[in-house]
Structure formats: structure tokens, C-alpha cells
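Here is how the chains run, residue by residue.
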Amino acid sequence: MNDFVHVTRPVLGAYLSTMKISKNRISSNTSSRNTQYEKAQYSVRQPIAAHAILPLMNEQEWSEIRHHRRLNLSLLQAYYAVHAYPRHSHDYYVISVVDHGLQSFLCGKKKHITPPDGLILLNPGDAHTGEPMGAQGFAYRAIYPTVAHMTVALGEFAGHGAVVPTFRSPRADDLQMAQALRRLHIALQRDAEEGMETLECESRLIWTLVELLKRYGDQPTAPATVRREDGAIQRACDYLHAHHVDGVSLTELAAVTSLSQYHLLRTFRDMIGMPPHAYQESLRIRHAQQLLADGKPLIEVAHAVGYSSQAHFTQRFKQIIGVTPGKYVQ
């Protein structure tokens, strides 16, 4: 079953606290261009330049919000030229990044300007507005973590989740975290189409939330002790080898290794050189190479190694090997 649901609503606004899902494409003559843009952005795997993943700024306003059932996480992507949010607040967090243009907002009594790659970090209850600054408008994307999401993230690196975490300031400029947020958002969108991004989505979500709290949270924490976990990481690798065609979750890997999710991600990356989801994909592609060498048809190979479509398999194979599967077997 698709982990996203969406329904059509006329305008996005302060009603987001209901966590209902809306999709609004105002201009019908841009629908085909938007579809091409959305499909193209899913293939981005390297550091992302904001201007390279944006719709044209001369198109009319559009907005899309979805809800990821499995992670219980809502996310928004939009372009606004004139729409302005009135002062409002939410019972969840708002974590967003501007992709293009300038955005401005009031939080409390202070006005903030958000440039491309700028982060907006709002706590539950923060009264705020939001509007474009200039005729160009602005494009941005956001996720809406719940208090439960952020409390779990705090516990991952602080060792406890006894308090509700808060951000010190509603604005931050951090290119690394802007890129991390975009990659998370793209993975969540891709999961709506393919339904096989469990490990990547979970990993990117917990990593992004923990890193944001470490850098911009208001709770003092003691530095975590980094120690080698050779046995645990070997168990994680063995598990991924045995289940590389399956939708393995980060929760499963954490249980196998008896490590917290964040510590597992950090230690696995340090020891293996890549995160668990990238390691799993490498195993899938390696398996695919063997099946292709045996003369198996592309569609059969795609499903045999865990991809839901031949197109998705072809895209990932080319990203890792450098040529399409068809070229590879020639």
C-alpha cells in the first residue's frame, strides 16, 4: 500500500495543524512541466544545487502537501509569488529550506529574511507569518515533525527524551543541513512512487533531526562517546546481505545490532564508508550484475533484486555503474 495519502484542497494555510493532506496545482498549463520536474528531481544523488532542482519562476503558484503514514510525517513543497500566510501557529515543528528566491516571516515580534539554502526552524506554538519577498517569489520545501519525532531524536544523542526539545532561533544558515533536508524530502517523495525506501527514509529522518538538534537545539548535551562497534556493524552487514532484496528498516537493523539508530548510522558510516541504505543498494546492484551476466531479462532482474519497476532499477544501476543495464550487457 502506498505510504502517502493526499486530497485536493483549494489553498494551503494555517489549517496544516489538522495534519490533513492537500495537493494544489493552480495553473493547468504548467502541469506537464511540473510532472517532468518532479520525475527529474528524484534522480539527484550528489550534492544538490538549489537552482538545479527548481521549477521555473515564471510559472504560477503551486503547492503540494503529503503525509507519510509509516513515519507519520507530513511534508510540503511549494512555490509562492503572492500568497502570504497570516499569523498562526502549529502543534508540531516546522523545518524548512528555501530552494529559490527570498522569503520573509515574522516570528514573535522579529522579522526574518530567508535566502536560498536558508533554514526555518519553528517550535510548536511559535506564532509566525510567511510571505514572498520580491516579485520573483520563492520556492521551498518543509517537513513537519511531531513532538514524538523530536523527543525520539533528542533521546538518540542525549540518552534521554525527558523534555520536549526546542530550537534556539527560528533561522539558521547551514549549507550542509540544507542539503540534508533536501535529500530527506526527495527520498520521502520517491518513496511515494516506489515504496521501497524504508531504510533510506528512516535513516535520513533520524540523522537530520538529530543533527539539527545538536547544532541548533536549546538543550545542553554532553558530547557522545564514539567507540568502535566491530561486532555490531558486522551483524548489520550480514543482515543486509541476507535481506538486501527486502525493505529492511532502520528499526530492524538497530534491533539486530543492539545500538541506537543514530549511533548505528554514525558508526556504520565511519567503519564502512557509507550509510546502511547505500550499502544495501550496492548489494542489490552487485546481485543484478550477476543476474545480467547470466542472461536474465531486465524486468526479471529488477524485481529479483528488490526494485519495484524496471525504470527505477535502470536509474539506480546507471548511477552506480555508470551505464544502463542494457549497455552493460552488450
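This text follows the structure it describes.
Below you will find a few notes about this structure. (Residues numbered from 1 in each chain as written. Predicted model: local features only at pLDDT ≥ 70, side-chain atom pairs only at ≥ 80, totals over all residues. Heavy atoms only, no water.)

### A short note on the layout of surface pockets
Thinking step 1. By volume, the largest pocket amounts to about 630 Å³.
Thinking step 2. Mapped by element, the contributors of at least two residues to the lining of the largest pocket are helix H3 (175-194), helix H4 (198-216), helix H7 (261-272), helix H8 (276-293) and helix H10 (310-321).
Thinking step 3. Here the lining of the largest pocket takes 6 residues from H4, the largest share from any one element.
Thinking step 4. Taken together, the residues of the lining of the largest pocket sort by class into 8 nonpolar, 8 polar and 8 charged. (1 Å grid on protein atoms, 1.4 Å probe; cavity = no way out; pocket = protein on both sides within 12 Å on 5 of 7 lines; lining within 4 Å. Points joined across faces, edges and corners; volume = space filled by probe spheres on them. Helix = DSSP H or I, 4+ residues; strand = E, 2+ residues; numbered from the N terminus. Nonpolar A, V, L, I, M, F, W, Y, C, P; charged D, E, K, R; others polar.)

### A short note on H8
Thinking step 1. Compared with an ideal rise of 1.5 Å per residue, which puts 18 residues at 26 Å, H8 spans 26 Å between its outermost C-alpha atoms and is within 8% of the ideal.
Thinking step 2. Where H8 is concerned, the buried positions are Pro276, His277, Tyr279, Gln280, Glu281, Leu283, Arg284, Ile285, Ala288, Leu291 and Leu292.
Thinking step 3. Positive backbone phi, approximately 85 degrees, marks glycine 295, located one or two places after H8. (Expected span 1.5 Å × (residues − 1). Buried < 20%, exposed > 50% of the residue type's maximum accessible area, 1.4 Å probe, protein only.)

### Observations concerning the environment of alanine 148
Thinking step 1. Note that alanine 148 resides in helix H2 (residues 147-158).
Thinking step 2. What makes alanine 148 exposed here is its relative accessible area of 52%.

### A look at a nonpolar patch on the surface
Thinking step 1. Among the surface-exposed residues, Ile320, Ile321, Val323, Tyr328 and Val329 lie close enough to one another that they form a single nonpolar patch of about 370 Å² accessible area.
Thinking step 2. Contributing elements (two or more residues each) for the nonpolar patch: H10 and helix H11 (325-329).
Thinking step 3. Topologically, valine 323 is positioned in the loop between H10 and H11.
Thinking step 4. Look at valine 323 and you get partly exposed, because its relative accessible area is 33%. (Patch = residues over 30% accessible without salt bridge, like charges linked within 9 Å, V, L, I, M, F, W, Y side chains within 5 Å. Areas by Shrake-Rupley, 256 points an atom, 1.4 Å probe, with all protein chains shown as cover. Salt bridge = Lys/Arg side-chain N within 4 Å of Asp/Glu carboxyl O.)

### Some points on the packing of aromatic side chains
Thinking step 1. The tally for this structure, following the rule as stated, stands at 11 aromatic pairs.
Thinking step 2. Judged by centre distance (5.4 Å) and plane angle (70 degrees), the ring pair of phenylalanine 317 and tyrosine 328 falls under edge-to-face. Residue phenylalanine 317 is located in helix H10, and its partner tyrosine 328 is located in helix H11; the two are separated by 11 residues in the primary sequence.
Thinking step 3. Overall, phenylalanine 317 belongs to the buried group, its relative accessible area being 0%.
Thinking step 4. Exposure remark for tyrosine 328: the relative accessible area of 34% places this residue in the partly exposed category.
Thinking step 5. These aromatic residues form a ring-pair network of at least three members: Tyr80, Tyr85, Phe138 and Tyr140. (Phe/Tyr/Trp six-rings, centres within 6.5 Å; stacked < 30°, edge-to-face > 60°.)

### Things to note about the sheet that holds strand S11 (residues 128-132)
Thinking step 1. Sheet architecture is open: 4 strands sit in the order S6-S11-S8-S9, paired in antiparallel fashion. Where the open sheet ends on each side, the last strands, each with one partner, are strand S6 (85-88) and strand S9 (110-114). This sheet shows a mean twist of 20 degrees between the axes of neighbouring strands, independent of strand direction.
Thinking step 2. In the sheet, S6 pairs with S11 via 2 bridges, with the strands oriented antiparallel. From the neighbouring strand, histidine 88 faces S11, where its bridge partner is histidine 128. (Pairing = 2+ DSSP bridges. Axes fitted to C-alpha atoms, helices over the stretch in contact; angles between N-to-C directions.)

### Regarding the pairing of strand S10 (residues 118-122)
Successive residues of a regular strand alternate their side chains across the two faces of the sheet.
Thinking step 1. Of all 5 residues in S10, 5 are buried; the element is thus mostly enclosed.
Thinking step 2. Here S10 shows a buried face lined by Gly118, Ile120 and Leu122 and a second buried face lined by Leu119 and Leu121.
Thinking step 3. Pairing of strand S7 (residues 94-101) with S10 involves 4 bridges; the strand directions are antiparallel. Residue pairing in the sheet places serine 96 in a bridge with isoleucine 120 of S10.
Thinking step 4. Two elements, S10 and strand S13 (residues 171-173), share 3 bridges in a ladder whose sense is antiparallel. By the bridge assignment for S13, isoleucine 120 is matched with arginine 171.

### Brief notes about the pattern of salt bridges
Thinking step 1. Under the counting rule described, the total for this entry stands at 12 salt bridges.
Thinking step 2. The shortest N-O distance in the salt bridge between aspartate 174 and arginine 215 comes to 2.8 Å. Highlighted residues: aspartate 174 in the loop between S13 and H3 and arginine 215 in helix H4, separated in sequence by 41 residues.
Thinking step 3. A salt bridge links arginine 228 to aspartate 230; its shortest N-O distance comes to 2.8 Å.
Thinking step 4. Through salt bridges with shared partners, one network takes in Asp99, Asp117, Arg141 and Arg182.

Any functional reading would require information beyond the geometric quantities listed.
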